[in-house]
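Breakdown of the fold
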Amino acid sequence: MTLGMGAGVLIVTSFLAVGREGLETALFLWTTAQAAGESAGPLTGAAIGLVLSAALCWGLYRRVLKINLTRFFTATGVVLIVIAAGVLGYGLRDLQEGGVLPGKAAYAVDLSGSVDGSSWYSTLVQGVFNVTPAMTWLQVVGYVGYLAVVMTLFVRGARAAAPKPAAEKPSPAPDAPRSARRRPAWVVPVAVVTVPAVIAGLAVAFGRPKPAAAQTIAVSGKECGKGFSAPKPGRQTFQMHNTGGKTSEVYLVDPATGAVYGEVEGLAPGTTRALVATIAGGTYAWRCVPTGGTAVTSKADRVTGGSTKAVVPVSAKDLASPLQQYKTYVNQGLTTLVTQTHTLAADIKGKHLDRARTDWLTAHRTYASLGAAYGTFEDYDQEINGRADGLPGGAHDKDFTGFHRVEYGLWHGESATSLTAPARQLATDTVRLQKAFPHQDFDPGDLPLRAHEILENTLQFELTGDTDEGSGTNLATADANLTGTRELLTVLKPLLTSRSPQLLPRVDTDIARLQKLLDAAHHGSSWTPVDPLDETTRAHLNGATGQLLEDLAPVPDLLEIRKAA
């Protein structure tokens, strides 16, 4: 029929057919690479598959092999639908991790404690079906729902398109046995879901070696590490039992370097909790740290075979220098802020409201660039940068003060007279903060935490326009937040580089991408407001910020203050 319609239609048909097979191949490779976490293995498998497919094509061309192409493409269509369901589940999980969809902690199934995600059988199931050891309810509902609907429609369509016999067969004799009933449309979808699950279950049950019994390790000042013997390499679970009279922390460490392989915090007397760690070649010891007591390290045991990565612990002393550098940065910023807020108050008092709008943005950006110190500012942050949300009178409430109160008035037509008092109060509060900051308790552990939290707040408040009181300068604030994040990473750079050399180059790339998007919204002295942004631009901003957040996520764990140090 295609030949009868012309050569052009034949070309289009050939193009679509090859495109379909290319899409199937791309989906196969993409999902396999995602599950494996690397590309060498999937590409090797793909090369082997291409060789086999070339051999099959040669056999078909030479008429050595015969294949029912209708059934073949129907079968590959079924497999492609299963893969697409897995891609949907994978995408739903990514959206949950990014905070776009809820329920990222609502697991329908979680076998990560008993199924090794890196084993051959787990990799096989994840690569082919995208079924992971831990799946949320949203993933399961999306996966099964997609299969049930799409597979049923596909099977019905395949049956409807099946060629009918040329001539009607004579009806069977009365005494002939009744022909088999037509198979219901739901049988294939159910089989597609059930059979892989059964196969995966059998692989887990019979293909995985039984784990050795977990060792019970004593935790106390006198018996630290008692019961520990060098295990075989691999993922191990240790039962940590506090035999002392004080709540303790316990760490599995390399006694030579202090590097931490696993930890349990807040282990109460008489209680037992599991510690899971991956053991490989190296020297291991237990370090017990009773509350208010002295750290005790057990004798060391050596394990041979393989390698694993530990976290080099960070002490409060290690963070002392970065903390002092950042305090200096904040003090300088507060000095600048005091000058700028007094200039703003003078503008309003002199009824120069146009100049006041420009000076308001300058001062607010200075304050926003000090993001890592917000937790230290205590009540001053609410007074200086608090929002009207939750106040009985909203933007007109008497307790609404600070930058956003002045912003609301400047961009909602309030007179200079009504804004003089709020502007003067803002200038006074910045002076009070400047005097109080040197005496405030700045926890060094806040530094690695804020590296992530500054931009979390940016994504939640600035990039949604939630904090806009009329100026339309949320992206200017986001730009200042990025400046503060960059400064914080600068002081943390020595610690991060020695623990994760690849992290900062990746983060620098993310920052440059986000900075370019923010610069595009800056036009001289004005900024594009968030609300008028088109969906594509907003998606790019959110995506770049989300990627930066994802790459910054390891910082708190890498630089967590541990008593094992």
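Residues numbered from 1 in each chain as written. Predicted model: local features only at pLDDT ≥ 70, side-chain atom pairs only at ≥ 80, totals over all residues. Heavy atoms only, no water.

1. Focus on the overall build of the chain
Counting secondary structure elements, the chain contains 17 helices and twelve strands. Accessible surface, the chain: about 30,900 Å² in total, of which carbon and sulfur atoms supply 60%. (Helix = DSSP H or I, 4+ residues; strand = E, 2+ residues; numbered from the N terminus. Areas by Shrake-Rupley, 256 points an atom, 1.4 Å probe, with all protein chains shown as cover.)

2. Observations regarding the environment of Thr216
Along the chain, Thr216 turns up in strand 3 (residues 215-219). For Thr216 and Arg273, which are 57 residues apart along the polypeptide, the C-alpha to C-alpha distance reads 9.7 Å. Those residues in contact with Thr216, other than ones at most four positions away along the chain, are Lys226, Gly227, Gln239 and His241. (Contact = heavy atoms within 4.5 Å.)

3. What about the packing of helix 13 (residues 446-462) against helix 16 (residues 535-552)?
Two elements in contact, helix 13 and helix 16, have axes whose closest approach is 9 Å; the angle formed by their N-to-C orientations is 160°. Taken together, helix 13 and helix 16 sit at an angle that is classed as roughly antiparallel. Read as a crossing pair, helix 13 and helix 16 show a hand that is left-handed. Contact with helix 13, carried on its side by Ala451, His452, Leu455, Glu456 and Leu459, involves Asn542, Thr545, Leu548, Leu549 and Leu552 of helix 16 and no other residues of that element. A per-class count over the contact of helix 13 with helix 16 returns six nonpolar, three polar and one charged. (Axes fitted to C-alpha atoms, helices over the stretch in contact; angles between N-to-C directions. Parallel < 35°, antiparallel > 145°, perpendicular 65-115°, else oblique. Left-handed = near helix turned anticlockwise from the far one by under 90°. Nonpolar A, V, L, I, M, F, W, Y, C, P; charged D, E, K, R; others polar.)

4. Considering the state of the cysteines
Enumeration over the complete set of coordinates arrives at one disulfide. With its sulfur 2.0 Å from that of its partner, Cys224 forms a disulfide with Cys288. Between Cys224 and Cys288, the S-S dihedral sits near 85°, and the bridge is therefore right-handed. Here Cys224 is found in the loop between strand 3 and strand 4 (234-242), whereas its partner Cys288 is found in strand 8 (residues 282-290), with 64 residues between them in sequence. For the pair Cys224 and Cys288, one class covers both residues: buried. (Disulfide = S-S within 2.5 Å. Buried < 20%, exposed > 50% of the residue type's maximum accessible area, 1.4 Å probe, protein only.)

5. Remarks on the packing of helix 11 (residues 403-410) against helix 12 (residues 416-436)
Packing of helix 11 against helix 12 brings their axes to within 9 Å, and their N-to-C directions diverge by 155°. Overall, the two elements helix 11 and helix 12 adopt an arrangement that is roughly antiparallel. In terms of crossing hand, the pair formed by helix 11 and helix 12 is left-handed. Contact residues: Phe403, Arg405, Val406, Gly409 and Leu410 in helix 11; Ser418, Leu419, Pro422, Ala423 and Leu426 in helix 12. Taken together, the residues that form the contact of helix 11 with helix 12 break down as seven nonpolar, two polar and one charged.

6. Quick word on unusual backbone geometry
In the Ramachandran plot, Lys351 falls in the positive-phi region, its phi being about 65° despite a non-glycine side chain. Here Lys351 lies in the loop between helix 8 (320-349) and helix 9 (353-368).

7. Points about the side chain of Glu249
Mapping Glu249 onto the fold places it in strand 5 (residues 248-253). Taking relative accessible area as the criterion, Glu249 reaches 16% and is therefore assigned buried. A distance of 2.5 Å separates the side chain of Glu249 from the side chain of Tyr251, its partner in a polar contact. (Polar contact = N/O pair within 3.5 Å; in protein donor to acceptor, adjacent residues only side chain to side chain.)

8. Brief notes about the side chain of Asn242
With respect to the helices and strands, the residue Asn242 is situated in strand 4. The residues contacting Asn242, other than those within four sequence positions of it, are Val219, Thr247, Ser248, Leu267, Ala268, Pro269, Gly270 and Thr271.

9. Things to note about a nonpolar patch on the surface
A contiguous nonpolar patch, built from Val12, Phe15 and Leu16 and spanning about 340 Å² of accessible area, is present on the exposed surface. Mapping Leu16 onto the fold places it in helix 2 (residues 7-36). Classification of Leu16 as exposed rests on a relative accessible area of 56%. (Patch = residues over 30% accessible without salt bridge, like charges linked within 9 Å, V, L, I, M, F, W, Y side chains within 5 Å. Salt bridge = Lys/Arg side-chain N within 4 Å of Asp/Glu carboxyl O.)

10. Topic: the pattern of salt bridges
If you walk through the whole model with that rule in mind, you get 14 salt bridges. For Asp466, the salt bridge is made with Arg387, and the minimal N-O distance between the two is 2.5 Å. Of the two residues, Asp466 sits in the loop between helix 13 and helix 14 (474-499) while Arg387 sits in the loop between helix 10 (379-385) and helix 11, which places them 79 residues apart along the sequence. The closest approach of N and O atoms between Asp399 and Lys398, which form a salt bridge, is 3.5 Å.

11. Remarks on the packing of aromatic side chains
All told, the structure shown has twelve aromatic pairs when counted by the stated rule. Aromatic pair Phe228 and Phe238: ring centres 5.9 Å apart, planes at 65°, arrangement edge-to-face. Taken together, the residues span a long stretch of sequence, with Phe228 in the loop between strand 3 and strand 4 and Phe238 in strand 4 at a distance of ten residues. Overall, the relative accessible area of 9% leaves Phe228 in the buried class. Each ring, one from Tyr367 and one from Phe403, has its centre 6.1 Å from the other, and the planes form 45°; the classification is tilted. Pair noted here: Tyr367 is in helix 9 and Phe403 is in helix 11, with a separation of 36 residues, a long-range link. Accessibility classification places Tyr367 together with Phe403 in one group, the buried group. One aromatic cluster is present, built from ring pairs that chain together Tyr326, Tyr329, Trp360, Tyr367, Phe377, Phe403, Trp411, Phe437 and Phe442. (Phe/Tyr/Trp six-rings, centres within 6.5 Å; stacked < 30°, edge-to-face > 60°.)

12. A look at the confidence of the model for the chain
In the predicted model, the chain carries a mean pLDDT of 82, and the fraction of residues at 70 or more is 80%. Within the chain, helix 9 carries the highest mean pLDDT (96), whereas helix 1 (residues 2-5) carries the lowest (51). Taken together, the stretch residues 207-211 has pLDDT below 50 and engages in five contacts with residues farther than four places along the chain or on a different chain. (pLDDT = per-residue confidence, 0-100.)

13. Points about the sheet that holds strand 3
Note on sheets: strands pair through backbone hydrogen bonds, and any given pair is parallel or antiparallel. The three strands are arranged 3-4-7 in an open sheet whose pairing can be described as mixed. Across the chains shown, the open sheet's two edge strands, defined by having one partner strand only, are strand 3 and strand 7 (272-279). Between one strand axis and the next, the sheet turns through 35° on average, direction left out of account. Relative to strand 4, strand 3 is paired through five bridges, and the arrangement is parallel. Bridge pairing links Gln215 to Phe238 in strand 4. (Pairing = 2+ DSSP bridges.)

14. What to know about helix 12
Counted at 1.5 Å a residue, the expected span for helix 12 with its 21 residues is 30 Å, and the 30 Å between its end C-alpha atoms agrees. What helix 12 keeps buried is the set Ala416, Leu419, Thr420, Pro422, Ala423, Leu426, Ala427, Asp429, Thr430, Leu433 and Ala436. Contacts from the buried residues of helix 12 go to helix 8, helix 9, helix 10 and helix 11. (Expected span 1.5 Å × (residues − 1).)

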